[in-house]
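Observations on chain architecture
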Amino acid sequence: MSDIIQDKYHPKLIESKWQQAWEQEGLFKAVADSKKDKFYVLEMFPYPSGNLHMGHVRVYVIGDVLARYYRMQGREVFHPMGWDALGLPAENAAIRDGIHPAKRTRDNIDAVRRQMKMLGLSLDWDREFATCDPEYYHWNQWFFLKMYERNLVYRRESLANWCTGCATVVANEQVLEGKCERCSSTVVQRQIPDWAFRITAYVEELLDGLDKMKKWPDRIKSMQRNWIGRSEGCNLVFGVKDELVDPISVFTTRADTVYGATYVVLAPEHPSVAVLTTDQQRDQVEDFVGRMSRVDKAVRTDISTVKEGVWTGSYAINPFTNEQIPIWIANFVLAEYGSGAVMSVPAHDQRDFEFAKRFEIPIRIVIQPGAETKKLTLDEMAEAFVDDGILVDSGPHSGKTSAQARKAIAEQVAKQNQGGGPTVGYHLRDWGISRQRYWGTPIPMIHCDKCGIVPVPIDQLPVELPPDAPITGTGEPPLAKVAEFVNTSCPKCQGKAKRDTDTMDTFVDSSWYFARYMDPKNKTAPFTSESASRWLPMDIYVGGPEHAVMHLLYFRFWTKVMRDLKLVEIDEPAERLLTQGMVVSESFWCDEHKYRARDQVDDPTIAEPKCKQCGQPVKVRVEKMSKTKLNGVAPEAMCEEFGADTARLFSLFAAPPEKDIEWSNAGVAGCYNFLRRVWAFYVRQRDRFEAVRNLPDQVDESKLTPELISVHRLVHRTIARVTRDIEVEVQFNTAISAMMELLNGAKALDQSADDQSLRLLGFTLRSLALLLAPFAPHFAEEIWAAMGMPGRICTQPWPSYDPAATVEDMIEIAVQVNGKVRDSVKINKDASKEEMEQAAKAGEKVQKWLAGKTIRRVIIVPKRLVNIVVS
């Protein structure tokens, strides 16, 4: 490599050169048997649905800074990359464009890999895999069968979105306002058989483990706690008049209010609704059930949604009052939560209160506040009283506190078989993994008329996707249309049988991929326990907070399953979680043509731009950078104009990692200019590279001027600050800011000539290059080589600092001439008045003002200013 630094910074001349050097020298390959302490850093792997934009780039650059930093700290860094390659987008694209998912996915992988290499990411590409590789999803199937052996997988009936036009199941993402996005037909809820993982078997451990995860964001842990939703209460059983169906079981945390239960509500999907509905109510009920099947569950249960319902015509029996109370169905109850039924106490639950008021259902007060508070009356009641209090009109429990009554009633129902007694309920439900799709892992089960459902023998894995399955998006699942795939023999009786034609949820793929990187070519196991002992848990995992209650919960569950299978010895997959914010940028919405790209708008810089195609005004929004919103900024464009290091710097400097950043061309230009100024600093010193190359870092401050002492201490403080900002705070923006401050202070070294000042210059040049290396790696390599330093900068030790030298003993004072500030100088904070005057007069700017003048007097304000009065 050349040791000549060019006059100007030209990223295109240096970046590809260093990328080739790193790859040829294999500098980023992790060594399993290294004696170094490991550091496993991983970013959530990408779904290759298309090229990366700068919104994607941020997460990978964050991880890369950490990988490069810890490599320089002497750790054996494990930093792999792969592809979350299966899933619905590729299948939808195949339906739309007629391109097979395998081809589209492989082409996209090639494109994104090129982009990642262009950005200078220090990845171990030897460990690369895609989840669509049979060699990977083989082990999805292996895990499925091992969990089946342990009763952690089971078959059930569940509700799914069914498109009446396509005659198939569609994903939530494909349902827009109750219609199929492909054919615009009505989407309804339908019961279908599916497979589920029994994640609830680990519910307590998943909840308790959150308390031990000290380095995970509190926000993520809180979201998981709420999603798991632990609540203490009891099960109560309400009989049904005329015993039309079995008694209705409900879970409640407020058993103390049961005497005030004046109606029961079932989910519209509850299996008993049809039987409970009387002839007089049937039309209303069926209409309501059908309408609710077309409404998204999240919308139904949203707090702002109007409470709707219909009476079935039947009655339940309150087990404590023996009163007949009406059985309703309502939009706010879901079949999959609890038993799909709730007891409603309108006086003491706000949702029940609003519903009862709307439908004129009786309200009964059974809890009164304490003695000091005014007694509740129905006439004055404007909202439910939801706090604890004293029971009234509650039979033998009247006069008890709510807490006393809850305990007594729970014990009573257990003794009298009126319910399950004290129990704990959870919001978390088992994980349904069946998808009626093609581009996923085939479920390794066989259906035999004689033997029932039989697992595929382990030695017959993987069950591979047939390459020629017709992907139409209509009718039967794609795999069901391939006779060669479906028709097989039963492993038990050898008779005719059929394969399961569902595929697995792609969250299965991402639940354990971090472990496959350790041993990606293993053909006999998902990975070895030895590799797990070496690399797990991950030291830091980087990704978006939107995955808090899906992926981040599932991969915790999977880790515990792997532990119980004796594959790993850890309880949690990652020591630390770093969630990054979004990159947002301007988008343009046309009512006629929807989202428009920037070049499809006549003048995107004016207040009211217009669509070039139809001339209509477009709305300018600031939204998450996204392919669908056509507001993504391609990294190629950034690298072409400014270089990869500038793109990296901006994504790190614009905000702390966890905060959103707004894309700014001015901000990008600012980062580019910073690198140009650093480059210019090194150009100014290039004639002295040889003189300082082998000088030691140690400097004798007693032989430095006050200004250079300040620079020396600034270098030590900057090293300390950048080290802390990366390792402890993970605040890259402040680390870059510290380097900018160092560059400004280092200007004082331009005139260095004596031994000690040259030592300081060499120390500063080496330190700034090393500090920049994780952030702007190509740039740092180039100046390191230009200085004639040995090896690659990315493999050099991280610079050290002297804590004693980080203390700021220097202060800055103003220097005035005739009362006007003409300069400022740095002096020792304990400098005498004589030293202050001497330093003030020595400044180059002040000497110009003093030339040819007579000094009349000098006014000194200690530690603040020197005013030189002249005539």
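Here, every reference points to the structure presented above.
Cut-offs and rules
Per chain, residues are indexed from 1 in the order of the written sequence. In keeping with the model being predicted, local features are shown solely for residues with a pLDDT of at least 70 and side-chain atom pairs are shown and tallied solely at 80 or more, while totals for entire chains, interfaces and linings include all residues. Side-chain descriptors were evaluated using all non-hydrogen atoms of the structure, hydrogens and water having been removed beforehand. We define the nonpolar core as a collection of buried residues of types Ala, Val, Leu, Ile, Met, Phe, Trp, Tyr and Cys that are connected through side-chain atoms lying within 4.5 Å of one another. The cut-offs for exposure are 20% and 50% of the maximum accessible area for each residue type, with area from a 1.4 Å probe on protein chains only; residues under the lower value are buried, those over the upper are exposed, and the others partly exposed. Helix numbering and strand numbering both begin at the N terminus, where a helix is a DSSP run of H or I of at least 4 residues and a strand a DSSP run of E of at least 2. Only heavy atoms matter for contacts: two residues are in contact if any of them lie within 4.5 Å across the pair. Definitions used for this entry: grid spacing 1 Å over protein atoms alone; cavity, a set of points where a 1.4 Å probe fits but cannot get out; pocket, an open set with protein on both sides within 12 Å along at least 5 of 7 lines; lining residue, one with an atom within 4 Å of a point. Grid points are joined across faces, edges and corners, and a volume is the space filled by probe spheres set on the points. The residue classification treats Ala, Val, Leu, Ile, Met, Phe, Trp, Tyr, Cys and Pro as nonpolar and Asp, Glu, Lys and Arg as charged. All others, Gly included, are polar. Any two strands are treated as partners once DSSP identifies two or more bridges connecting them. For helices, the axis comes from a line fit to the C-alpha atoms of the stretch in contact; other axes are also lines fit to C-alpha atoms, and the angle between any two N-to-C directions lies between 0 and 180 degrees. The handedness criterion is simple: a crossing whose near helix is rotated anticlockwise from the far helix by less than a right angle is left-handed, and one whose near helix is rotated clockwise is right-handed. Any pair of Phe, Tyr and Trp rings, taking the six-membered ring for Trp, is counted once the centres come within 6.5 Å. Such a pair is stacked with planes under 30 degrees apart, edge-to-face with planes over 60 apart, and tilted for the rest.

**A closer look at the nonpolar core**
Nonpolar side chains in soluble globular proteins tend to be buried together. Met116, Phe144, Phe197, Tyr541, Met562, Tyr682 and Phe775 are the most contacted members of the largest nonpolar core, which has 195 residues in total. For this core, the leading source of residues is helix α2 (residues 54-72), giving twelve residues. The residues contacting Tyr541, other than those within four sequence positions of it, are Leu42, Glu43, Met44, Tyr513, His551, Leu552, Phe555, Ala574, Arg576, Leu577 and Leu578. With 53 residues, the next largest nonpolar core counts Cys234, Val333, Ala347 and Ile363 among its residues.

**Structural notes on the layout of surface pockets**
Taken as a whole, the second largest pocket spans an internal volume of roughly 1,000 Å³. Contributing to the lining of the second largest pocket are 33 residues, with Glu707, Ala748, Ser824, Val825 and Lys826 lying nearest its centre. Breaking the lining of the second largest pocket down by element, the ones donating at least two residues are α21 (706-729), α22 (732-745), β31 (820-828), α25 (833-842) and α26 (844-850). It is α21 that provides the largest number of residues to the lining of the second largest pocket, a total of seven residues. The residue inventory of the lining of the second largest pocket, partitioned by class, reads eleven nonpolar, eleven polar and eleven charged.

**Describing the sheet that holds strand β25 (residues 577-579)**
Strands sit in the order β2-β1-β24-β25 across an open sheet of four strands; the sheet is parallel. Each edge of the open sheet is held by one strand with a lone partner, namely β2 (76-78) and β25. Averaged over all adjacent pairs, the angle separating strand axes in this sheet is 20 degrees, with direction ignored. Examined bridge by bridge, strand β1 (residues 38-43) and β2 share three bridges and lie parallel to one another. Considered in β2, the bridge of Tyr40 is made with Phe78. The strands touched by α2 within the sheet are β1, β2, β24 (540-543) and β25, with β1 carrying the most contacts at an inclination of about 170 degrees.

**Re the packing of α2 against α21**
Contact geometry for α2 and α21: axes closest at 11 Å, N-to-C directions at 115 degrees. For α2 against α21, the interelement crossing comes out left-handed. Each of Leu66, Tyr69 and Tyr70 in α2 lies in contact with α21, whose residues at this interface are Thr723, Ile726 and Glu727. A per-class count over the contact of α2 with α21 returns four nonpolar, one polar and one charged.

**Looking at the pairing of strand β26 (residues 583-590)**
Taking burial as the measure, the eight residues of β26 include six buried ones, the bulk of the element. Strand direction decides the pairing type here: β26 and strand β29 (residues 661-662), joined by two bridges, are parallel. Note on β29: the bridge partner recorded for Val583 is Ile661. As judged from the six bridges shared by β26 and strand β28 (residues 619-624), these two strands associate in the antiparallel manner. Bridge assignment links Ser587 to a residue of β28, and that residue is Arg621. The sheet contact formed by β26 and strand β27 (residues 594-596) spans three bridges and is antiparallel. Across the sheet, Phe588 pairs through a bridge with Arg596, a residue of β27.

**Observations regarding the pairing of strand β19 (residues 445-448)**
Two faces, one strand: in a regular strand the side chains alternate between the faces of the sheet. As defined by bridge partners, β19 adjoins strand β20 (residues 452-455) across four bridges and the pair is classed as antiparallel. Pairing of Cys448 across the sheet is with Gly452, part of β20. In sequence, β19 turns back onto β20 through a hairpin of three residues. The sheet contact formed by β19 and strand β22 (residues 496-499) spans two bridges and is antiparallel. Paired with Ile446 across the bridge in β22 is Arg499.

**Concerning the packing of aromatic side chains**
All chains considered together, the criterion is met by 47 aromatic pairs. With 5.4 Å between their ring centres and 35 degrees between their planes, Tyr9 and Trp679 make a pair best called tilted. A residue pair is termed long-range when its members are at least 10 positions apart, and Tyr9 in the segment before α1 (11-25) and Trp679 in helix α19 (residues 665-685) qualify at 670 residues. Both residues of the pair, Tyr9 and Trp679, count as buried. Seen from their ring centres, Phe129 and Tyr136 are 4.9 Å apart, and the 15 degrees between their planes marks the pair as stacked. Overall, the relative accessible area of 1% leaves Tyr136 in the buried class.

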